[in-house]
Amino acid sequence: MEEHTNNNPSEESVNFENRLDLAPLQETLTLLKNELNAVIVGQHKMIDQLLVALLANGHVLLEGVPGVAKTITAKLLAKTMNIGFSRIQFTPDLMPSDILGTSIFDLKKSEFEFKKGPIFSNLILIDEINRAPAKTQAALFEVMEERQITMDGVTYTLQSPFLVVATQNPIEQEGTYRLPEAQLDRFLFKISIDYPKLNDEVIILQKEHALLSGTKLDLVHSQLDAQSITKYQELVKQIRVEPHLIEYIAKLVVSTRENGFLYLGASPRASIAILNASKGFAALNGRDFVTPEDIKEAAIPVLQHRVIVTPEREMEGVSSVEIIKQIIDSVEIPR
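Residues numbered from 1 in each chain as written. Predicted model: local features only at pLDDT ≥ 70, side-chain atom pairs only at ≥ 80, totals over all residues. Heavy atoms only, no water.

Draft legend 1. Structural view of empty space enclosed by the protein. Enumeration according to the criterion identifies two cavities of 30 Å³ or more in this entry. Elements with a contribution of two residues or more to the lining of the largest cavity: helix H2 (23-37), helix H3 (44-55) and helix H10 (226-237). Here the element with the most residues in the lining of the largest cavity is H2; it accounts for four residues. In terms of residue class, the lining of the largest cavity is built from nine nonpolar, one polar and no charged. The computed volume of the second largest cavity comes to approximately 30 Å³. Taken together, Glu128, Asn130, Arg131, Asn169, Glu172 and Thr176 make up the lining of the second largest cavity. Its residues assigned to classes, the lining of the second largest cavity comprises no nonpolar, three polar and three charged. (1 Å grid on protein atoms, 1.4 Å probe; cavity = no way out; pocket = protein on both sides within 12 Å on 5 of 7 lines; lining within 4 Å. Points joined across faces, edges and corners; volume = space filled by probe spheres on them. Helix = DSSP H or I, 4+ residues; strand = E, 2+ residues; numbered from the N terminus. Nonpolar A, V, L, I, M, F, W, Y, C, P; charged D, E, K, R; others polar.)

Put into structure tokens, the structure is as follows:
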């Protein structure tokens with residue numbers, strides 16, 4: 001009988017030899033979850049998605065009606081990390097220079113000096129992002145995509161990590177502006193926050209009643225610094241994705257462009273976003289490899305704001321989430 005020899009190591013041996021050590025990351029994620037859950041009640045999925053966005057180095061759009069803790073969530077997330085934090089309240093009269101900064105003439109030096117705006121930080125909370133006009137929205141394009149700002153021909157690179165968490169109210173229309181598709185495409189996730197259930201609402205009231213002094217922010221403590229965040233982001237990039245799963249991601253995204261219910265499908269940036277987010281979900285679950293479940297978990301928050309439903313289906317009340325779910329069900333899961 002001919003002896004079969006394989007010069008290449010088996011898949012099993014490669015898996016064991018190259019196994020990533022995710023234990024420190026898992027421990028840190030548990031600490032962050034505990035800190036956030038000490039204040040935020042019943043939003044476990046939202047917290048997981050925020051942490052995945054952090055690991056995948058992606059921006060987040062939080063959408064929900066007033067009073068469902070969108071703003072406090074972003075502030076609490078910043079409090080769990082020892083990094084720079086800036087809050088920008090978007091208003092109809094906000095100018096790009098109010099965000100990016102402006103050049104001021106220094107009489108002593110007889111030259112212009114660039115004064116950096118609030119965008120020069122690590123975690124940026126943009127409250128009610130849809131209240132600023134298109135000119136101000138466009139000021140975010142470069143900084144969100146390339147993590148840099150070009151002013152007067154000079155390029156300023158922002159320090160890592162750099163994460164934008166924006167909030168918007170989907171119901172209110174007065175004094176708001178529709179976000180440009182190019183800007184929506186720059187958000188890794190759109191996270192929709194629903195009303196809490198009855199039991200959760202009771203717990204919220206109990207916690208508020210027990211808070212005799214101080215604020216909710218006082219209950220949260222820093223567990224992570226900028227250097228560690230960058231290190232974990234680099235670690236997550238190394239998580240394995242098998243070729244058939246990369247093809248699965250591509251099929252999901254291409255299906256959005258071929259779906260008759262969608263006027264606009266997702267771009268290749270969406271494919272990359274699902275790839276990076278699925279690695280984040282794998283790390284969140286303590287695995288150094290991506291599964292189809294990770295991809296399916298990432299698909300809805302990545303795609304729901306990147307596609308546009310046809311006017312006919314929109315009038316019938318069909319949402320982008322429903323169509324994406326149908327696409328996920330229709331694309332064969334690789335085995």
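Now that the structure has been shown, the text picks up again.
Draft legend 2. Geometry of the pairing of strand S6 (residues 123-127). Within S6, five of the five residues are buried, leaving the element largely enclosed by the surrounding structure. The two faces of S6 match: Leu123, Leu125 and Asp127 on one face and Ile124 and Ile126 on the other face are all buried. Here strand S3 (residues 85-89) runs beside S6; their pairing, made up of five bridges, is parallel. Bridge pairing in S6 links Phe85 to Leu123. Relative to strand S9 (residues 163-168), S6 runs parallel, the two sharing four bridges. Residue pairing for S9: Ile124 is matched across the bridge by Val164. (Buried < 20%, exposed > 50% of the residue type's maximum accessible area, 1.4 Å probe, protein only. Pairing = 2+ DSSP bridges.)

Draft legend 3. Local environment of helix H11 (residues 243-258). The end-to-end C-alpha distance of H11 is 23 Å, a good match for the 22 Å that 16 residues give at a rise of 1.5 Å each. Buried within H11 we find Leu245, Tyr248, Ile249, Leu252, Val253, Ser255 and Thr256. The buried residues of H11 all sit within an arc of 150 degrees when viewed along its axis, so they share a single face. Opposite the buried face of H11, by more than 90 degrees, sit the exposed residues Pro243 and Glu258. (Expected span 1.5 Å × (residues − 1). Arc of directions from axis to C-beta.)

Draft legend 4. Spotlight on the pattern of salt bridges. Following the criterion strictly, the structure yields 15 salt bridges and no others. The partner of Arg269 in a salt bridge is Asp185, with the nearest N and O atoms 2.7 Å apart. Taken together, the positions of Arg269 in helix H12 (residues 268-284) and Asp185 in the loop between helix H8 (181-184) and strand S10 (187-192) put the pair 84 residues apart, joining distant regions of the chain. Note on Arg269: relative accessible area 27%, which makes it partly exposed. A salt bridge links Arg306 to Asp185, with the nearest nitrogen and oxygen atoms 2.7 Å apart. (Salt bridge = Lys/Arg side-chain N within 4 Å of Asp/Glu carboxyl O.)

Draft legend 5. Summary view of the sheet that holds strand S1 (residues 59-63). Pairing within the open sheet is parallel, and its five strands lie in the order S3-S6-S9-S1-S10. In the strand order of this sheet, the two ends are held by S3 and S10, each with one partner. Strand-to-strand, the axes of this sheet are offset by a mean angle of 15 degrees, without reference to chain direction. (Axes fitted to C-alpha atoms, helices over the stretch in contact; angles between N-to-C directions.)

Draft legend 6. The arrangement of the pairing of S10 in detail. Within S10, five of the six residues are buried, which leaves it mostly tucked inside the rest of the structure. The pairing of S1 with S10 spans five bridges and is classified as parallel. When the sheet's bridge partners are listed, His59 is paired in S10 with Phe187.

These results come straight from atomic positions and should not be treated as a statement about function.
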